[in-house]
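Spelled out from the first residue to the last, the chains are:
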Protein chains: 2
Amino acid sequence: MTTNLLRVPPPQELLQPLAVPERLLLGPGPSNVPPRILAAGGRQLLGHMHPEVLQVMDEIKVGIQYAFQTQNRLTLAISGTGHCAMEAALLNLLEHSDTVLVAVNGIWGQRAVDIARRLGADVHELLKPPGEYFTPRDIEEGLAQHKPSVLFITHGESSTGVLQPLEGLGKLCHRHGCLLLVDAVASLGGAPIFMDHQEIDVLYSGSQKVLNAPPGSAPISFSERAREKMLRRKTKPLSFYLDVAWLANYWGCDGEPRRYHHTAPINTFFSLREGLAMLSEMVSGTRQAAGHRHQELLPTITTVRVPEGYNWKEITAFLMDNHAIEIAGGLGPSAGKVLRIGLMGCNSTSSNVDRVLRALRDALSRCHRSRL
Amino acid sequence: MTTNLLRVPPPQELLQPLAVPERLLLGPGPSNVPPRILAAGGRQLLGHMHPEVLQVMDEIKVGIQYAFQTQNRLTLAISGTGHCAMEAALLNLLEHSDTVLVAVNGIWGQRAVDIARRLGADVHELLKPPGEYFTPRDIEEGLAQHKPSVLFITHGESSTGVLQPLEGLGKLCHRHGCLLLVDAVASLGGAPIFMDHQEIDVLYSGSQKVLNAPPGSAPISFSERAREKMLRRKTKPLSFYLDVAWLANYWGCDGEPRRYHHTAPINTFFSLREGLAMLSEMVSGTRQAAGHRHQELLPTITTVRVPEGYNWKEITAFLMDNHAIEIAGGLGPSAGKVLRIGLMGCNSTSSNVDRVLRALRDALSRCHRSRL
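Since the structure is predicted, the reported quantities are computational estimates derived from the model, not experimental observations.

Colleague: Looking at this model, I keep getting lost on the pairing of strand S5 (residues 150–154) of chain B. Mind explaining?
Modeller: Regular strands place side chains that alternate from one sheet face to the opposite one. All names here are of chain B. Counting buried positions along S5 yields 5 of 5 residues, so the element is predominantly enclosed. On S5, burial covers both faces: Val-150, Phe-152 and Thr-154 on one face and Leu-151 and Ile-153 on the other are all buried. Summarising the sheet, S5 and strand S8 (residues 179–183) pair through 5 bridges and their orientation is parallel. Residue Leu-151 lies in a different strand from S8, and its bridge partner there is Leu-180.

Right, dumping it as structure tokens:
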């Protein structure tokens, strides 16, 4: 055996150069990445236990604490995308047979149900039609009926464009002996969130939306109440990679000397650090966004009904082919019914609004009607 | 509530520029990333369902097939680091109460035992002292005694520097109705591996070693036998993020139209694509490496005993502080006993060998002896 075992030849496809065209990304995420953040991700590597990397991780931690408005010491970034953080939240909080109530008004609730069932939890769904949000009364009835130990709810339901009001939900959950777990992947930085004040127990987001960093890391934070439930576990979490006890140590959250757990996506962390730094430099951003509260519309993603007689696919393809702009169709329950236009971070400018409106007018005048 | 709820102020740490010093990374990984791969990772983002990204994923797939020397259609990259691929392999292969035999001669076997136990598998350990490898006879005795459905073994045991000979193990496993799962995180590209010829059923690696890409994605491939076992599952895998049925669809391995599963770490994939492209361009690399077979020493990581009377920590700190070179101490069972020097991908040059040897001579003449 030596060269005669090389039966799979070098692939021709890889002898071509990498092709990455320029696009304006106005879909529900990822959004375009500003040059400063791209440059951070393109810096030379360091080792995953080097003091400079541990320092970057410490900076990410305080950046997340700021973005989430929390003082939780158990605050870190997951080495995976937003969906990985959803899984990390559920699998650390839930043990086999734990009761969990999932508020489902779009795809993210559906996904949380799928994950929690895989974990062997006793899963109950609180259902609302897509496009609607949950009132405190809806939640209270669900808590009283099912007596869950965890309530999952989505802050920004990016499949339908609904912003879920969070005021009072934390207190409500705590009165019923339940933890509040909030998905803020699509809303963080666009709609105000105050983790400590709103008594949210577990909050997570993604890096590729308003934070304008590439996908591949996901901020997450756990309250003292959540930490106590996890400390009381009788069984280990079903994942080693996402076991928060190990992650807490690697992120310096437990006061112990840091041990190797896994090789972190180091330059993805460099990018996330810069995304959080840019957020910290824009103090006014969060204040302005606070004005949107209680409008129940997700400010990061504008969802509009597909104009009657038009085919959504033809419109999105037209914008991509003729204007190099990405917007998206629906997802899950909204599939086929809506167009979703994202304006996040550095893409959220009035000139981009003009550009996408011009492109849409062009599409409506040139795409065929009634070809559904 | 609005600005008065901003109780956590913008962190001062994030108002400083990101600090990333230049280092020569000659530890067991990550290794330095060549400019071409860094540049690929710094390209502007595209959407995770854009045809250009799906094209890059197709190119990664054929690149992995080449690197692994396999024609398996179920070949893809996990959206996480090497440890995440270990978890993906075990959780897709194993169901609750499945019997698995884990060959343990260092930290990676120990970790596989931990993960498999969390999954509720019936785990048996085949033990060897750190620094030794397993003979076909060791394996055969284990298979006959425990009748496992999966055998886990580490090709490059980076904690001790041992290269596990793989010849014949696939056939042996198949004679005993068992699947062969191989960890090649530290060995791929440095020591020859021929997945199809060696009848390996599941093989995975990392991006940050010989492939010279940043950490954050992990190549994995499943044989037809492995695929059949997964199709026969009675229960869903315990993770949605790592469920290979979903991943197979997203990666275009199942012939069905591709659906959204999760937002992939897109520019990490750009980097991995370039790492695999560089491997494809160096056909001769694998041929040369083939000469190392049966030496039972991992060619990517040279492990040497700490010279008597010296403290390993003082030596590694001296190299970092005075020569900006990273080398590592032991890990797990080899902790405190060895120094580990990695020469991978673009770092594997004779001038780097000279540089690290000069630095080590300097350390031995200037570090204190007998201060253990």
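Colleague: Would you mind showing me how to read the environment of Gln164(B) here?
Modeller: Residues and elements named next belong to chain B. When you line up the elements, Gln-164 lands in the loop between strand S7 (162–163) and helix H6 (169–175). Taking the relative accessible area as the measure of exposure, Gln-164 reaches 1% and is therefore buried. With 35 residues separating them along the chain, Gln-164 and Glu-199 place their C-alpha atoms 15 Å apart.

Colleague: Please clarify how the relation of the copies chain B and chain A should be interpreted in this entry.
Modeller: Two chain copies here: they are related by a rotation about an axis and a translation along the same axis. Between chain B and chain A, which share one sequence, the superposing operator has a rotation angle of 180° and an axial displacement of 0.0 Å; the RMSD is 0.0 Å. What the superposition gives is, in effect, a two-fold axis relating one chain to the other. Considering only C-alpha atoms, the residue of chain B closest to the rotation axis is Gly42(B), which sits at 2.5 Å. Comparing contact sets, 100% of the residues at the interface of chain B also lie at the interface in chain A, consistent with an isologous, same-surface contact.

Colleague: Help me understand the domain arrangement of chain A, please; the structure alone is not making it clear to me.
Modeller: When the parts of a complex come together, some accessible area is lost, and that lost area is often taken as the interface size. Residues and elements named next belong to chain A. For chain A, the assigned domains read domain 1 (24–30 + 300–366) and domain 2 (35–278). Taking only C-alpha atoms into account, the centre of domain 1 sits 28 Å from that of domain 2. Contacts between the two partners involve 15 residues from domain 1, matched on the other side by 16 residues from domain 2. At the boundary of domain 1 with domain 2, total buried surface from both sides reaches about 1,100 Å², with 65% on carbon and sulfur atoms. Contact with domain 2 buries area across many residues of domain 1, yet Thr-300, Leu-331 and Pro-333 alone supply 37% of it, more than any other trio. At the junction of domain 1 with domain 2, the criterion picks out 0 salt bridges. Where domain 1 packs against domain 2, one counts 6 residue pairs in polar contact (both at pLDDT 80 or more).

Colleague: How do you make sense of the interface of chain B and chain A when you look at a structure like this?
Modeller: On the side of chain A, 99 residues touch chain B, which itself brings 99 residues to the contact. The salt bridge partner of Arg23(A) is Glu52(B), with a shortest N-O separation of 2.9 Å. Where chain B meets chain A, there are 34 residue pairs in polar contact (both at pLDDT 80 or more). Put simply, the parts of the chain that give the side of chain B that touches chain A at least two residues each are helix H1 (35–41), helix H2 (51–68), helix H3 (82–93), helix H4 (107–118), helix H9 (266–281) and helix H10 (283–289) of chain B.

Colleague: Please explain the packing of H2(B) against H9(B) as it appears in this structure.
Modeller: Residue and element names in this part refer to chain B. One way to put it is that H2 packs onto H9 with a least axis distance of 9 Å and a crossing angle of 40°. The angle between H2 and H9 falls in the class oblique. Between H2 and H9 the crossing geometry is left-handed. Here Val-53, Val-56, Met-57, Glu-59, Ile-60, Gly-63, Ile-64, Tyr-66 and Ala-67 of H2 come into contact with H9, specifically with Ile-266, Phe-269, Phe-270, Leu-272, Arg-273, Leu-276, Leu-279 and Ser-280. A class-by-class count of the residues in the contact of H2 with H9 yields 13 nonpolar, 2 polar and 2 charged.

Colleague: Can you walk me through the sheet that holds strand S10 (residues 218–222) of chain A in this structure?
Modeller: Strand pairing in a sheet relies on backbone hydrogen bonds, with the paired strands running either antiparallel or parallel. Residue and element names in this part refer to chain A. Here 7 strands make up an open sheet; going across it, the order is S2-S10-S9-S8-S5-S3-S4 and the pairing mixed. Of all strands in the sheet, those with a lone pairing partner are strand S2 (74–78) and strand S4 (122–127), marking the two edges. In this sheet, adjacent strand axes meet at a mean angle of 15° when their direction is disregarded. Summarising the sheet, strand S3 (residues 99–104) and S4 pair through 6 bridges and their orientation is parallel. Bridge assignment links Ala-103 to a residue of S4, and that residue is Leu-126.

Colleague: In this structure, what is going on with the UniProt feature "binding site: substrate" (unreviewed entry) in chain A? I would like to understand it.
Modeller: All names here are of chain A. As annotated by UniProt and renumbered to match this structure, "binding site: substrate" (unreviewed entry) occupies Arg-340. Position of Arg-340 among the secondary structure elements: in strand S14 (residues 338–342). Judged by its relative accessible area of 5%, Arg-340 falls in the buried class.

Colleague: Please clarify how helix H12 (residues 350–366) of chain B should be interpreted in this entry.
Modeller: An α-helical turn contains 3.6 residues, so a residue and the one three or four places further along point in the same direction. Residues and elements named next belong to chain B. Between its first and last C-alpha, H12 extends 24 Å over 17 residues, near the 24 Å set by a 1.5 Å rise per residue. Taken together, the buried positions of H12 are Asn-352, Val-356, Ala-359, Leu-360, Asp-362 and Ala-363. Axial view of H12: buried residues confined to an arc of 160°, hence all on one face. Facing away from the buried side of H12, by more than 90 degrees, are the exposed residues Ser-350, Arg-358, Arg-361 and Ser-365. Buried residues along H12 sit in contact with strand S1 (24–25), helix H11 (312–323), strand S12 (325–326) and strand S14 (338–342).

Colleague: Would you take a moment to explain the side chain of Asp201(A) for this structure?
Modeller: All names here are of chain A. Along the chain, Asp-201 turns up in the loop between strand S8 (179–183) and strand S9 (202–204). It is Arg-225 that comes nearest to the buried, bridge-free Asp-201 among opposite-charge side chains, at 4.4 Å. With sequence-adjacent residues up to four places away left out, Asp-201 is seen in contact with His-174, Cys-178, Leu-179, Leu-180, Met-195, Ser-221, Phe-222, Ser-223, Arg-225 and Ala-226.

Colleague: Sorry, what's going on with the packing of aromatic side chains here?
Modeller: Here a ring pair, both rings aromatic, is described through the centre-centre distance and the interplanar angle of the planes. Considering all chains together, one arrives at 6 aromatic pairs over all chains under this definition. One cation-aromatic arrangement involves Arg111(A) over Trp246(B); the distance from NZ or CZ to the ring centre is 5.2 Å. Residue placement shows Arg259(A) over the ring face of Trp246(A); its charged tip is 5.0 Å from the ring centre.

Colleague: It is not clear to me how the pattern of salt bridges should be interpreted in this structure. Could you clarify?
Modeller: Pairs may arise between side chains of opposite charge once their charged atoms sit close together. Scanning the entire structure with this criterion turns up 32 salt bridges over all chains. One salt bridge connects Arg273(B) with Glu59(B), and the closest N-O pair in it is separated by 2.6 Å. Taken as a pair, Arg273(B) in helix H9 and Glu59(B) in helix H2 lie far apart in primary sequence, 214 residues in all. No difference in accessibility class separates Arg273(B) from Glu59(B), as the two residues are buried. Counted as one network, the salt bridges with shared partners bring together Arg36(A), Glu59(A), Arg273(A), Glu274(A) and Glu281(A).

Colleague: What is the right way to look at helix H9 (residues 266–281) of chain A in this model?
Modeller: With 16 residues, H9(A) extends 23 Å from end C-alpha to end C-alpha; this agrees with the ideal 22 Å at 1.5 Å per step. Burial within H9(A) is extensive, with 14 of its 16 residues counted as buried.

Colleague: Looking at this structure, I do not really get the nonpolar core. What am I missing?
Modeller: By size, the foremost hydrophobic cluster in this structure holds 194 residues, and its most contacted members are Ile78(A) and Ile78(B). In this structure Ile78(B) touches Cys84(B), Ala85(B), Ala88(B), Gly216(B), Ser217(B), Ala218(B), Ile220(B), Leu242(B) and Leu247(B), once residues within four positions along its chain are discounted.

Rules and cut-offs
- Residues numbered from 1 in each chain as written.
- Chains lettered and ligands numbered in written order.
- Predicted model: local features only at pLDDT ≥ 70, side-chain atom pairs only at ≥ 80, totals over all residues.
- Heavy atoms only, no water.
- Buried < 20%, exposed > 50% of the residue type's maximum accessible area, 1.4 Å probe, protein only.
- Helix = DSSP H or I, 4+ residues; strand = E, 2+ residues; numbered from the N terminus.
- Pairing = 2+ DSSP bridges.
- Least-squares fit on C-alpha atoms with pLDDT ≥ 70 in both.
- Contact = heavy atoms within 4.5 Å.
- Domains from an automatic or database assignment.
- Buried area = accessible area lost by both parts, 1.4 Å probe.
- Salt bridge = Lys/Arg side-chain N within 4 Å of Asp/Glu carboxyl O.
- Polar contact = N/O pair within 3.5 Å; in protein donor to acceptor, adjacent residues only side chain to side chain.
- Axes fitted to C-alpha atoms, helices over the stretch in contact; angles between N-to-C directions.
- Parallel < 35°, antiparallel > 145°, perpendicular 65-115°, else oblique.
- Left-handed = near helix turned anticlockwise from the far one by under 90°.
- Nonpolar A, V, L, I, M, F, W, Y, C, P; charged D, E, K, R; others polar.
- UniProt positions renumbered as here; feature names shortened; annotations may be inferred.
- Expected span 1.5 Å × (residues − 1).
- Arc of directions from axis to C-beta.
- Lys, Arg positive; Asp, Glu negative; His and termini not counted.
- Phe/Tyr/Trp six-rings, centres within 6.5 Å; stacked < 30°, edge-to-face > 60°.
- Lys NZ or Arg CZ within 6 Å of the ring centre and 35° of its normal.
- Core = buried A, V, L, I, M, F, W, Y, C linked by side-chain atoms within 4.5 Å.

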